[in-house]
Amino acid sequence: MAKVLAVSGNEAVANAFRQINPDVCAAYPITPSTEVMQRFTAFVSDGEVDTEVILVESEHSAMSACIGASAAGGRVFTNTSSQGLALMWEMLFIASGMRLPIILSLVNRALAAPLNIHCDHSDGMGARDTGWIQLWSENAQEAYDNTIQLFRIAEHMDIRVPAMICMDGFIISHSIARVEFLEDDEVKKFVGEFTPVNPLLDVTKPVSYGPLILPDYYMEYKRAQHEAMTRVSKVVLDVAAEFEKLSGRRYGLFEAYRLDDAEIALVILNSAAGTSKDVVDEFRDKGVKAGLLKPRLFRPFPYEEVAAALKGAKVVCVMDRADSFGGFGPMYMEIASAMMLISGNRPVLINKIYGLGGRDYLPEHAAMVLDEMTEIAKGGRVKTYKEYIGVRE
Amino acid sequence: MKLKGWKDLTPGAVLTEPGSAEEFHTGSWRSFRPVWNPENCIQCMFCWTYCPDMAIKTKDGKRDEFDYDFCKGCGICALECPGKKGQKAIVMVEEDK
Ligand code: SF4
Ligand code: SF4
């Protein structure tokens, strides 16, 4: 039977790792993700898991050690935030290029400078092109559920690429919320035994990792890496269907909230989607056909499915908690690409940047945006395609 | 040799054939070739020690010819070679000369 507990987002994720009991974990502490490792190492000390924990001197070393352990044939995870992920950047490509299914829990935090420890999505968005799968989570429950499902997805024999679970720093990582836990043995059974592919420790079949590949073959390896990503969506849905049977909780490639007949639609990630859904309800009560799309699988991005879900809307506003200075927000660029798959009339597409460095995102911000979208839907002019909200002039 | 397409590669560029570097003839990179003059050779084996590619062959514990399949012409052996009475036993000669 499922156990319901009041826990922080970090605690929920740490418990998913405890239930899975991976072979190796190498990590370096960084706010706001530190608590995941703090709790996990307590499980190690208490003998609740037999994971080999490698304490390293930096995140670059943490990811390097994860790569070594994964290539050796172990089930491996790590955990970080912000500058930590930025420091791992070089190694993120090596993990994916070597097709090692390492799991990383990313607690989203802004990037310096100026130094800031609070939530935004700049860290995860910066890792967009590293070849890692990304699942984003609205709350502690989703972070827990995504962690369990992600092992199955990354380790699937059709895929074998590393993957990260993203959840909002402090807003989710440090808030106490209701989480329904699965039983330990249910999780173990669901995740299953780890099957290594070409492990370095199999001395009967010696292998080498990391050869120099020159122009005659490099592009073929990259093409093959993309192919693995094209198989992810199906596996995500298959694993979600199996997970629903176990937990009763349903997941897809994204959440479509009151979107079927929506004329105006918000696209928004993670915790702010929760706030926005309340405001969408208020607008629905007023008779405005508002809806919301909350992406879950951000890499690989499900362009066709997202395009199909948004094609009926007149106005779509993409809310980005990360910026590309001199460009549109990263989520806007994805949605704009998805829109190109729609033939005929496309929705008007605008972009708002919100919540950088932990700036509060309040229901009135959502209401302001939905009001503006209502005006545009009635034929009003688009004043600006990219705008910062919740910022002082 | 026919090059493989992307569908036929081992995921992650993992090499599953041990010792396959032997088939990769780095000698084709060479623009300068070391030439051995046994008359000036004192059999100190410095060249054998320093060569990064194990491209100095030996025979009965003595220095033998270069292995030009793997010598990439870095010139380290020629630099380290003490030779005899100031006369090097290894000189680098431009490949197309
Ligand atoms: S030139 Fe370089 S590679 Fe060739 S034999 Fe001398 S040391 Fe070895
Ligand atoms: S370094 Fe020169 S002298 Fe010494 S063994 Fe090699 S060729 Fe002969």
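Reading the values: rules and limits
- Residues numbered from 1 in each chain as written.
- Chains lettered and ligands numbered in written order.
- Predicted model: local features only at pLDDT ≥ 70, side-chain atom pairs only at ≥ 80, totals over all residues.
- Heavy atoms only, no water.
- Helix = DSSP H or I, 4+ residues; strand = E, 2+ residues; numbered from the N terminus.
- Rg over C-alpha atoms; globule rule 2.2 N^0.38 Å.
- Buried < 20%, exposed > 50% of the residue type's maximum accessible area, 1.4 Å probe, protein only.
- Near = heavy atom within 4 Å.
- Nonpolar A, V, L, I, M, F, W, Y, C, P; charged D, E, K, R; others polar.
- Pairing = 2+ DSSP bridges.
- Axes fitted to C-alpha atoms, helices over the stretch in contact; angles between N-to-C directions.
- Domains from an automatic or database assignment.
- Contact = heavy atoms within 4.5 Å.
- Buried area = accessible area lost by both parts, 1.4 Å probe.
- Salt bridge = Lys/Arg side-chain N within 4 Å of Asp/Glu carboxyl O.
- Parallel < 35°, antiparallel > 145°, perpendicular 65-115°, else oblique.
- Left-handed = near helix turned anticlockwise from the far one by under 90°.
- Polar contact = N/O pair within 3.5 Å; in protein donor to acceptor, adjacent residues only side chain to side chain.
- pLDDT = per-residue confidence, 0-100.

1. Comments concerning the overall build of chain B
Phase 1 of the analysis: Looking only at helices and strands, chain B features 2 helices and 4 strands.
Phase 2 of the analysis: Along chain B, helices and strands appear, N-terminal first, in the series β-α-β-β-α-β.
Phase 3 of the analysis: Taken over C-alpha atoms, the radius of gyration comes to 17 Å for chain B, far larger than the 13 Å a tight globule of 97 residues would show.
Phase 4 of the analysis: Seen along its three principal axes, the alpha-carbon backbone of chain B occupies a region of about 60 × 30 × 20 Å.
Phase 5 of the analysis: Going through the 97 residues of chain B one by one, you find that 30% of them count as buried.

2. Looking at the site of ligand 1
Phase 1 of the analysis: Pro34, Cys51, Pro52, Ile56, Phe66, Cys71, Lys72, Gly73, Cys74, Gly75 and Cys77 of chain B make up every residue found near ligand 1.
Phase 2 of the analysis: The residue makeup of the shell around ligand 1, split by class, is 8 nonpolar, 2 polar and 1 charged.

3. Describing the sheet that holds strand β7 (residues 163-168) of chain A
All names here are of chain A.
Phase 1 of the analysis: Here 7 strands make up an open sheet; going across it, the order is β3-β2-β4-β5-β7-β6-β12 and the pairing mixed. Each edge of the open sheet is held by one strand with a lone partner, namely β3 (52-55) and β12 (297-299). Across the sheet, the mean angle separating the axes of adjacent strands is 20 degrees when strand polarity is ignored.
Phase 2 of the analysis: Direction of pairing for strand β5 (residues 103-108) relative to β7: parallel, over a ladder of 6 bridges. Looking at β7, one finds that Ser105 is bridged to Ile165.

4. Topic: the domain arrangement of chain A
Residues and elements named next belong to chain A.
Phase 1 of the analysis: When the domains of chain A are assigned, the result is domain 1 (3-247) and domain 2 (254-388).
Phase 2 of the analysis: For domain 1 versus domain 2, the distance between C-alpha centres works out to 28 Å.
Phase 3 of the analysis: The interface is formed by 30 residues belonging to domain 1 together with 27 residues belonging to domain 2.
Phase 4 of the analysis: Interface area, domain 1 with domain 2, both sides summed: about 2100 Å², of which 54% is carbon and sulfur.
Phase 5 of the analysis: Of all residues in domain 1, the largest losses of buried area upon contact with domain 2 belong to Met125, Arg128 and Glu138, amounting jointly to 30% of the total for that side.
Phase 6 of the analysis: Where domain 1 meets domain 2, there are 4 salt bridges.
Phase 7 of the analysis: Of the charged contacts, one joins Glu142 and Lys294 as a salt bridge, the two residues approaching to 2.7 Å between their closest N and O atoms.
Phase 8 of the analysis: Elements supplying a minimum of two residues to the side of domain 1 that touches domain 2: α5 (122-126), β6 (133-137), α6 (140-155), β7 and α9 (232-247).
Phase 9 of the analysis: Here the side of domain 1 that touches domain 2 gets 5 residues from one element, more than from any other, and that element is β6.
Phase 10 of the analysis: Grouping the amino acids of the side of domain 1 that touches domain 2 by side-chain chemistry returns 14 nonpolar, 10 polar and 6 charged.

5. Brief notes about unusual backbone geometry
Phase 1 of the analysis: With omega at 0 degrees, the peptide bond leading from Thr31 of chain A into Pro32 of chain A counts as cis.
Phase 2 of the analysis: As for its position among the elements, Pro32 of chain A is in the loop between β2 (24-27) and α2 (34-45).
Phase 3 of the analysis: In this structure, Ala113 of chain A follows Ala112 of chain A across a cis peptide bond, with omega equal to 0 degrees.
Phase 4 of the analysis: Within the element layout of this structure, Ala113 of chain A appears in the loop between β5 and α5.
Phase 5 of the analysis: Here the phi dihedral of Gln43 of chain B falls at roughly 60 degrees; this positive angle occurs in a residue that is not glycine.
Phase 6 of the analysis: Counting through the fold element by element, Gln43 of chain B comes out in the loop between β1 (32-36) and α1 (46-50).
Phase 7 of the analysis: Judged by its relative accessible area of 30%, Gln43 of chain B falls in the partly exposed class.

6. Thoughts on the site of ligand 2
Phase 1 of the analysis: Taken together, 13 residues surround ligand 2, and among them Cys41, Cys44, Met45, Cys47 and Cys81 of chain B come closest.
Phase 2 of the analysis: Partitioning the shell around ligand 2 into residue classes produces 11 nonpolar, 1 polar and 1 charged.

7. What about the packing of α6 of chain A against α9 of chain A?
Residues and elements named next belong to chain A.
Phase 1 of the analysis: The interhelical angle for the contact between α6 and α9, taken along N-to-C directions, is 125 degrees, at an axis separation of 10 Å. In this view, α6 runs oblique relative to α9, as classed from their interaxial angle. Judged by the sense of rotation from one axis to the other, the crossing of α6 with α9 is right-handed. Where α6 approaches α9, its residues Asp145, Ile148, Gln149, Arg152 and Ile153 are matched on the opposing element by Val232, Val235, Val236, Val239, Ala240, Glu242 and Phe243.
Phase 2 of the analysis: Residue composition of the contact of α6 with α9, by class: 8 nonpolar, 1 polar and 3 charged.

8. Considering the interface of chain A and chain B
Phase 1 of the analysis: The partner chain B presents 14 residues to the 18 residues of chain A that form the contact.
Phase 2 of the analysis: For the pair chain A and chain B, the summed buried surface comes to about 1500 Å²; carbon and sulfur atoms form 72% of the total.
Phase 3 of the analysis: At the junction of chain A with chain B, the criterion picks out 0 salt bridges.
Phase 4 of the analysis: Along the contact surface separating chain A from chain B lie 2 residue pairs in polar contact (both at pLDDT 80 or more).
Phase 5 of the analysis: Residue composition of the side of chain A that touches chain B, grouped by class: 10 nonpolar, 3 polar and 5 charged.

9. Things to note about the packing of helix α1 (residues 9-20) of chain A against α6 of chain A
Residues and elements named next belong to chain A.
Phase 1 of the analysis: One can describe the packing of α1 onto α6 by two numbers: an axis separation of 8 Å at closest approach and a directional angle of 25 degrees. Put simply, α1 runs roughly parallel to α6. Here α1 and α6 pass one another in a crossing that is right-handed. Facing α1, whose interface residues are Gly9, Ala12, Val13, Ala16, Phe17, Gln19 and Ile20, α6 presents Ala140, Ala143, Tyr144, Thr147, Ile148 and Phe151.
Phase 2 of the analysis: Looking at the contact of α1 with α6 residue by residue, the class counts come to 10 nonpolar, 3 polar and no charged.

10. Considerations on the sheet that holds strand β14 (residues 348-353) of chain A
Residue and element names in this part refer to chain A.
Phase 1 of the analysis: Taken in spatial order, the 6 strands make up an open sheet running β9-β11-β10-β13-β14-β15, and their pairing is mixed. The open sheet has two edge strands, β9 (254-257) and β15 (386-388), and neither has a second partner. When the angles between neighbouring strand axes are averaged without regard to direction, this sheet yields 20 degrees.
Phase 2 of the analysis: Running over the sheet, helix α12 (residues 330-339) touches β10 (264-267), β11 (290-295), β13 (315-320) and β14 and is turned about 150 degrees from β13.

11. With respect to the confidence of the model for chain B
Phase 1 of the analysis: Confidence in the prediction for chain B averages 94 pLDDT; 100% of positions are at 70 or higher.
Phase 2 of the analysis: With pTM at 0.91, the complex prediction returns an ipTM value of 0.87.

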